[in-house]
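# Remarks on the overall topology
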Amino acid sequence: MRIGLVAGPWIPIPPVTYGGTERVVDSLARGFAAAGHEVFLAAPTDSTCPVPRVPGMRPSVPDELNLTLSELSHVARAYEGLENADIIHDHTLAGPLYAHRPEQVPVVTTIHSRLDPEAADIYRAIARNTAVIAISRNQGSHAPDVPITRVIHHGMDVSSVPVGSGSGGYLCFVGRACPDKGLLEAVMIAHQAGLPLRIAAKMRQPDEVRFFREVVQPMLGPDDDVVDEVDDAGKYRLMGEALAFLNPIQWPEPFGLVMIEALATGTPVIGTRAGSAPEIVEHGRTGYLGDIGQLAGFVGVAGGISRAACRKEVEERFNEDRMVNEHLSLYGQLLEGALSGGVPHPVGVHQNQ
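Attention here is on the structure that accompanies the text. (Residues numbered from 1 in each chain as written. Predicted model: local features only at pLDDT ≥ 70, side-chain atom pairs only at ≥ 80, totals over all residues. Heavy atoms only, no water.)

## A short note on the pairing of strand β2 (residues 38-42)
- The sheet contact formed by strand β1 (residues 2-6) and β2 spans 5 bridges and is parallel. In the strand pairing of β2, Leu 5 is matched with Leu 41.
- The parallel pair β1 and β2, bridged by helix α1 (residues 20-34), forms a crossover whose chirality is right-handed. (Pairing = 2+ DSSP bridges. Helix = DSSP H or I, 4+ residues; strand = E, 2+ residues; numbered from the N terminus. Right-handed = clockwise from strand over helix to strand, strands pointing away.)

This is the structure:
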């Protein structure tokens with residue numbers, strides 16, 4: 001197949017630090033190419049993913065994150081270079097609604113955000129002529145009237161992720177400095193458990209900086225440590241030596257890629273049951289899920305979790321090959337529909353375990 005991939009304009013593929021969606025796009029591009037398909041990636045020009053690039057794109061614009069104008073301009077350029085694709089997988093929000101998509105080329109999109117009422121309105125419209133992928137069953141459940149073609153959990157390449165010892169004597173948090181991610185709750189849990197907290201936080205946006213400085217920083221203790229965003233090697237070291245990874249999210253996160261990254265290092269996850277967490281973490285085997293008031297109590301038993309079991313969970317359920325193959329299977333079905341004439345319709349919800 002000739003597969004066109006459209007990423008957003010704000011972060012290069014792969015990202016240097018922050019960028020969950022961008023990591024997934026990078027994995028898909030590499031995986032499709034390794035499987036013998038032709039891949040054409042529409043992404044910022046400072047991307048380093050080793051597949052052919054759609055010409056005419058611009059450098060990444062992180063300061064314009066989620067700005068509609070920059071996404072629309074990016075999408076128009078992307079589709080100009082994908083006229084010869086057999087199938088296009090668009091990871092932007094605006095792209096599937098673009099009026100000048102190549103005719104008779106099936107388009108797939110992935111919902112990377114929460115399906116709140118406004119997003120549901122958009123994806124109901126998109127689903128009229130586009131196959132829609134959800135990244136967790138929980139995500140799709142928030143808008144049951146949005147036609148979901150497939151539920152495909154994210155995956156990752158674990159071959160370069162070392163398994164840590166968990167002997168660092170600390171808990172860790174990696175994520176955006178915002179209320180939804182539960183950073184303040186992570187600080188409180190660590191203090192209740194009597195352990196220092198190591199934090200690697202994304203603080204680029206003004207609201208993230210303000211939240212950290214005004215709300216989180218005053219709560220930090222002398223043994224807590226905060227670093228800026230870290231690269232993959234630094235992140236895996238931080239996670240791997242932690243007794244547990246804290247993920248006390250305060251919103252229905254569609255898929256917490258950071259959870260499978262922690263599990264890949266052998267570190268169990270302690271967090272709330274919000275969003276997709278129960279689809280990723282098996283309570284009592286790869287971590288503990290509960291209400292906020294319960295989480296500090298789980299720290300004392302986290303050392304009994306098998307680090308080998310955590311790693312095996314990612315190798316078996318959240319590996320990159322599984323994710324790539326499920327996408328290719330969907331593309332093949334859509335192309336069979338396209339060959340029979342007309343725009344392919346969603347092929348029915350398929351909820352992968």
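## Some remarks on the packing of helix α5 (residues 183-193) against helix α6 (residues 206-216)
- Their axes nearest at 10 Å, the elements α5 and α6 cross at an angle of 35°. At the point where α5 passes α6, the crossing takes the right-handed sense. Every residue of α6 that contacts α5 at Leu 183, Leu 184 and Val 187 is listed here: Phe 211, Phe 212, Val 215 and Val 216.
- Classifying every residue of the contact of α5 with α6 gives 7 nonpolar, no polar and no charged. (Axes fitted to C-alpha atoms, helices over the stretch in contact; angles between N-to-C directions. Left-handed = near helix turned anticlockwise from the far one by under 90°. Contact = heavy atoms within 4.5 Å. Nonpolar A, V, L, I, M, F, W, Y, C, P; charged D, E, K, R; others polar.)

## Focus: the side chain of Glu 313
- Summarising the element assignment, Glu 313 is placed in helix α11 (residues 307-317).
- Here the side chain of Glu 313 touches Arg 317 through a polar contact of 2.8 Å, side chain to side chain.
- Setting aside chain neighbours within four positions, we find Glu 313 in contact with Ile 280, Arg 285, Thr 286 and Phe 318. (Polar contact = N/O pair within 3.5 Å; in protein donor to acceptor, adjacent residues only side chain to side chain.)

## Some details on the sheet that holds strand β10 (residues 244-247)
- The 6 strands are arranged β9-β8-β7-β10-β11-β12 in an open sheet whose pairing can be described as parallel. Lying at the two open borders of the sheet, with one neighbouring strand each, are β9 (225-227) and β12 (287-289). Within this sheet the neighbouring strands show an average axis-to-axis angle of 20°, counted without direction.
- Two strands pair when backbone bridges link them, and strand β7 (residues 171-176) and strand β8 (residues 197-202) are joined in this way by 6 bridges, in the parallel orientation. The partner of Phe 173 across the bridge, within β8, is Ile 199.
- Of the strands in this sheet, β7, β8 and β10 touch helix α7 (residues 232-240), which is tilted by about 145° from β7.
- In this fold helix α10 (residues 292-302) packs onto β7, β10, β11 (269-271) and β12, with an angle of close to 165° to the strand it touches most, β11.

## A word on the sheet that holds strand β5 (residues 131-134)
- Taking strand neighbours across the sheet as the criterion, the 6 strands line up as β2-β1-β3-β4-β5-β6 in an open arrangement whose pairing is parallel. Looking at strand neighbours, the two that pair on one side only are β2 and β6 (150-151), the edges of this open sheet.
- Sheet topology places β5 next to β6; 2 bridges connect them, and they run parallel. Opposite Ile 133, over in β6, you have Arg 150 as the bridge partner.

## A closer look at the pattern of salt bridges
- On inspection of all chains with the given rule, the structure shows 18 salt bridges.
- Between Glu 253 and Lys 181 there is a salt bridge, with its nearest N and O atoms 2.3 Å apart. Of this pair, Glu 253 sits in the loop between β10 and α8 (257-264) while Lys 181 sits in the loop between β7 and α5, placing them 72 residues apart in sequence.
- A relative accessible area of 6% places Glu 253 in the buried class.
- The salt bridge partner of Asp 232 is Lys 235, with a shortest N-O separation of 3.6 Å. Remark: Lys 235 and Asp 232 occur in helix α7; sequence separation between them is 3 residues, near one turn of the helix. (Salt bridge = Lys/Arg side-chain N within 4 Å of Asp/Glu carboxyl O. Buried < 20%, exposed > 50% of the residue type's maximum accessible area, 1.4 Å probe, protein only.)

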